[in-house]
Each structure stands twice: as structure tokens, then as C-alpha cells.
Amino acid sequence: MKYNFALLLCSSLIVSAGFCQESERPAGAFSDRRAALLKRFPESDTNKDGILSARELAAHLQKQRSGPEGKERLKQMLKRFPKADANKDGELSWEEVREYQAANAKNRSPQTRRNRAPKVVAPVPDVAYGDHPLQRFDLWPVPDAKQPTPLVIFIHGGGFRGGDKSLIRRETIDKFLDAGVAVAAMNYRLSDSGPYPIMMHDAARGLQTIRHRSDQWNIDPQRVVCYGGSAGAGISLWLAFHDDLADPNSDDPVARQSTRIVAAGAMNGQPAYDIHLFREWFGLPELQPGPALPAFVGIEDESEFDKPEIRALMKEASPISHLSEDDTAAVYMFYSRPNVPVTLETESSVWVHHVRLGLEMQKAMKPLGLQCIVTAPDIKADNPYDSLEAFLIAKALGASGL
């Protein structure tokens, strides 16, 4: 199902303000926006005239709101914003969402609106682990720790095309530090600098750099966990299961450090980067790749996905391909959407973050006796942890040895 929650909220406000009273043909500031929406949601053009009218857009948004995923979103919003339930009936309506959003916007100061997520400044900022400007990490050692502490590394998402280490949240950092776990946030080169494996190898080098300098920051190099969203989740899983990249005979002391980790956390993450595997998992032989995959594997034409060398590269890039008998890492995989059906019309942004991917990873890890917790709005996991952070803290504090 094609679904964009932010678009839905914004558009519903526009519709309620009189958007539907415009001419049937888009004009002015809305023209480019509607053209983009039509390309993304072609089924919204009900009269097939190649133009998305205000009425057609309103009808499409209403259909999205009333569908099963729209209802699930309301449930999730109610958990996050219980005060939005104005009539206190235990259910949230879109009208209540609009009123709550409007009230919050009215009460915010202009300064607050400009700085909803202020950048968190690390006490040890922008440590270089390579020559490229993106080969940097921020570090928050545990203040006044008497003994070396475990470490959690945040690796940002963004389709290997964007994102930044500054996406880590202050409250998340505080949660880890309060538990006695140091925090790092990692940048890495993106696909505009080159294809796989530079992203994974950068994260591995950053990890090795921290281990090499662990005494300086009072970190226990044997108790390291990683997590991230989407691409950052994939990198974390790759580090968890790829063979150790340490070279014990290297003249470079950083390169002699291990790249293995104790556990990985994944938010809407991918255990594979192989379009053929995705097609198999979803039972859709004609499933088309998302926009980030060609650059990630270094191709320009989608016909190249069938080349033997590209098939081999996609397999090598996939964390699930590296599962083996000697693995010990545990995994927690969180997905924000329910287990919705996937068709050829489903947006790639939905299926590349689909809980089916986590369930496939769980199925592959089970014969090896490895813990893999998968959670989603409609999946009740056998989960002793109340959050991803709680899982990472428990694994970082309780694990020892590589």
C-alpha cells in the first residue's frame, strides 16, 4: 500500500482549508507538487486525464486515511500523543489529529519551529578515522566511569545516499549514558563516492579506530554493539555477521583490531541488498528495485542486475549471506509498519522497510541458535525487552569476549 504519513497530515490540513475549491486543473504553486504526487500515486487519477485535480487528491487521501494502515497509524499516534484524544474515547480520529497538530503549531514559538531537533554536540566531536570528510564519528564517553565501559555505536540511515551522525537524539544518548554505556555516532562515505563495500568498510574502520584508542576513552573494546535505521541497520547487521576484517599481521595497529560486535539493532532495516532475494521473499518476480540500489552496487542500467558479478556483489553486501556456525551476535529488529501485503504497485519505500525482511532474517538465524527478535505493530514477539535501547544495553553490559 502506498502511504506517506507526513504527506497525509499536511494534505488533510490543506483540504480542510479549501484546497478542494480550486480549479480542476492545477495552477500556480501547487502544479509541480501535484505532478510529483501523480507520479507517485498514479491510481489517484481516476478520470485518466493525466492531471491530478484537487478533488482526485482529496479522494485519494480519504481512501488512505480509511484503510487498514491509516487506522494502524492512528493507533500508533494515540500511543505517542494520548492528549490528542480530545473526547477521551480511547480512539483517535483524523479530525482530532488535525486539531492537535494545529494547537501545537499555534503554541510553538518561531524559534522552536526552526529548531525542532537541535544538533547534539558531543564532548569528543568529529574524530577522523580516514581522510574523507565523512570518515568521522562523535563520541560520548561515560562521565566519571571507574572502569572501562561498553559502547553502543549509532550508524545513520539514508539509503546510502544521505543522512548524518547528527540524527542521533539527545534522549537516546542520555539513556545509554545513564546505563553506563558510552555512545558513538558514525558517518561514512555515501554512494556518490563509490559503491559497496566502502560504506561497510568505513564503519568497520571507524570501529577499529575506537578499539585502538579505547584506553584513551575508557571503553571496553570487547563489549561493543551497533544499531541504526534502514541503511545504518544494514551496516550494523553486516558487522555482526561478516567475517572479521582484522589483519593481525598488518603494520597498521588500527587494522589489527577486530570488526566483530556483540549485538546489532535494526530499525526498519534490510538483511539483504539483493533484488533477486527480495523478489523471492515477496513472491514477485517482476518486483522493481528501489532508487538507492543501483548506485549502491555501482550500476547505471537495471539490466545489469542479472550480470554474474553484480549478483555476486549483492550477495556479498547482504548480511544474511554471512551467517555461519561461528556467529554469536544477537539481533533486535524493529519495524514501524504492520505486515501489509506487497504488490507490484507497492512503493519501494514500503517494501524495503517491510517486516517480512526481519522475519526472513529470524528464520535464517534460528537454525544457528542465534537470538533474533522481530517486532512490528501487528507482530507479538517473544521479547523480554521493552525497547531496542533496553536490548542493546543488556547485550552491551552482559556480553564479554569476541
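Predicted, not measured: the structure shown is a model, and the values here were computed from it.

A. Structural context of the sheet that holds strand 3 (residues 149-155). An order of 1-2-4-3-5-6-7-8 is seen for the eight strands of this open sheet, with the pairing classed as mixed. This sheet does not close on itself; its edge strands, each paired only once, are strand 1 (124-128) and strand 8 (372-375). Neighbour-to-neighbour, the strand axes of the sheet open up by a mean angle of 20 degrees, direction not taken into account. Where strand 2 (residues 136-140) meets strand 4 (residues 182-186), four bridges bridge the pair, whose relative direction is antiparallel.

B. Representation of the confidence of the model for the chain. Of all residues in the chain, 85% attain a pLDDT of 70 or more, and the chain-wide mean is 86. Here residues 1-30 scores under 50 on pLDDT; set against residues more than four positions off or in separate chains, the count is 68 contacts.

C. Looking closely at the pairing of strand 2. Among the five residues in strand 2, five count as buried, and that is most of the element. Residues Arg136, Asp138 and Trp140 point to one face of strand 2 and Phe137 and Leu139 to the other, with burial holding for every one of them. Pairing analysis gives three bridges linking strand 1 to strand 2, with the strands arranged antiparallel. Bridge assignment links valine 124 to a residue of strand 2, and that residue is leucine 139.

D. Examining helix 16 (residues 388-398) more closely. Residues of helix 16 that are buried include every one of Leu388, Glu389, Phe391, Leu392, Ile393, Lys395 and Ala396, and no others. Tucked into the core, helix 16 has its buried residues touching strand 3, helix 7 (170-178), strand 5 (219-229), strand 6 (263-267), strand 7 (330-334) and strand 8.

E. A look at helix 7. Among the residues making up helix 7, those that are buried are Thr172, Ile173, Phe176 and Leu177. The arc that holds every buried residue of helix 7, seen down its axis, measures 130 degrees, which confines them to one face. Next to the buried residues of helix 7 lie strand 2, strand 3, strand 4, strand 5 and helix 16. Phi for glycine 180, located one or two positions after helix 7, is positive at around 85 degrees.

F. Molecular detail of the nonpolar core. Core analysis: the biggest nonpolar cluster contains 98 residues, and Ile153, Phe241 and Phe296 have the highest contact counts within it. When near neighbours in sequence (up to four residues on either side) are disregarded, phenylalanine 296 contacts Phe160, Ser191, Pro195, Tyr196, Met199, Met200, Tyr273 and Ala317. Met77, Ala84, Trp94 and Val97 belong to the second-largest nonpolar core, a separate cluster that totals seven residues.

G. Layout of a negative patch on the surface. A surface patch of negative charge is lined by Asp243, Asp244, Glu316, Glu325 and Asp326. With respect to the helices and strands, the residue glutamate 325 is situated in the loop between helix 13 (308-317) and strand 7. Since its relative accessible area comes to 71%, glutamate 325 is described here as exposed.

H. Representation of the environment of alanine 312 in the model. By the element assignment, alanine 312 lies in helix 13. Considering only alpha carbons, one finds alanine 312 and aspartate 274, 38 residues apart in sequence, at a separation of 9.2 Å.

I. Highlighting the pattern of salt bridges. Across all of its chains, the model carries 12 salt bridges by this definition. Note that aspartate 202 is salt-bridged to arginine 189, the shortest N-O span being 2.8 Å. With aspartate 202 in helix 8 (residues 198-212) and arginine 189 in the loop between strand 4 and helix 8, this residue pair connects regions lying 13 residues apart in the sequence. Take aspartate 202: its relative accessible area is 2%, and that puts it in the buried class. Residue classification places arginine 189 among the partly exposed positions, given a relative accessible area of 23%. Measuring nitrogen to oxygen at the nearest pair gives 3.4 Å for the salt bridge that ties glutamate 360 to lysine 363.

J. Spatial organisation of the side chain of histidine 354. Along the chain, histidine 354 falls in the loop between helix 14 (348-351) and helix 15 (355-365). The class of histidine 354 is buried, set by a relative accessible area of 4%. Reaching out from histidine 354, the side chain makes a polar contact with the backbone oxygen of valine 340 at a distance of 2.6 Å. Not counting residues within four places of it along the chain, the set of residues in contact with histidine 354 comprises Phe282, Tyr335, Asn339, Val340 and Val342.

K. Spatial organisation of unusual backbone geometry. That bond from tyrosine 196 to proline 197 is cis: its omega, 20 degrees, falls within 30 degrees of zero. You can see proline 197 is positioned in the loop between strand 4 and helix 8. Even without being a glycine, asparagine 268 presents a positive backbone phi close to 55 degrees. Mapped onto the elements, asparagine 268 comes out in the loop between strand 6 and helix 11 (275-282).

Thresholds applied
Residues numbered from 1 in each chain as written. Predicted model: local features only at pLDDT ≥ 70, side-chain atom pairs only at ≥ 80, totals over all residues. Heavy atoms only, no water. Pairing = 2+ DSSP bridges. Helix = DSSP H or I, 4+ residues; strand = E, 2+ residues; numbered from the N terminus. Axes fitted to C-alpha atoms, helices over the stretch in contact; angles between N-to-C directions. pLDDT = per-residue confidence, 0-100. Contact = heavy atoms within 4.5 Å. Buried < 20%, exposed > 50% of the residue type's maximum accessible area, 1.4 Å probe, protein only. Arc of directions from axis to C-beta. Core = buried A, V, L, I, M, F, W, Y, C linked by side-chain atoms within 4.5 Å. Patch = residues over 30% accessible without salt bridge, like charges linked within 9 Å, V, L, I, M, F, W, Y side chains within 5 Å. Areas by Shrake-Rupley, 256 points an atom, 1.4 Å probe, with all protein chains shown as cover. Salt bridge = Lys/Arg side-chain N within 4 Å of Asp/Glu carboxyl O. Lys, Arg positive; Asp, Glu negative; His and termini not counted. Charge placed at Lys NZ, Arg CZ, Asp CG, Glu CD. Polar contact = N/O pair within 3.5 Å; in protein donor to acceptor, adjacent residues only side chain to side chain.

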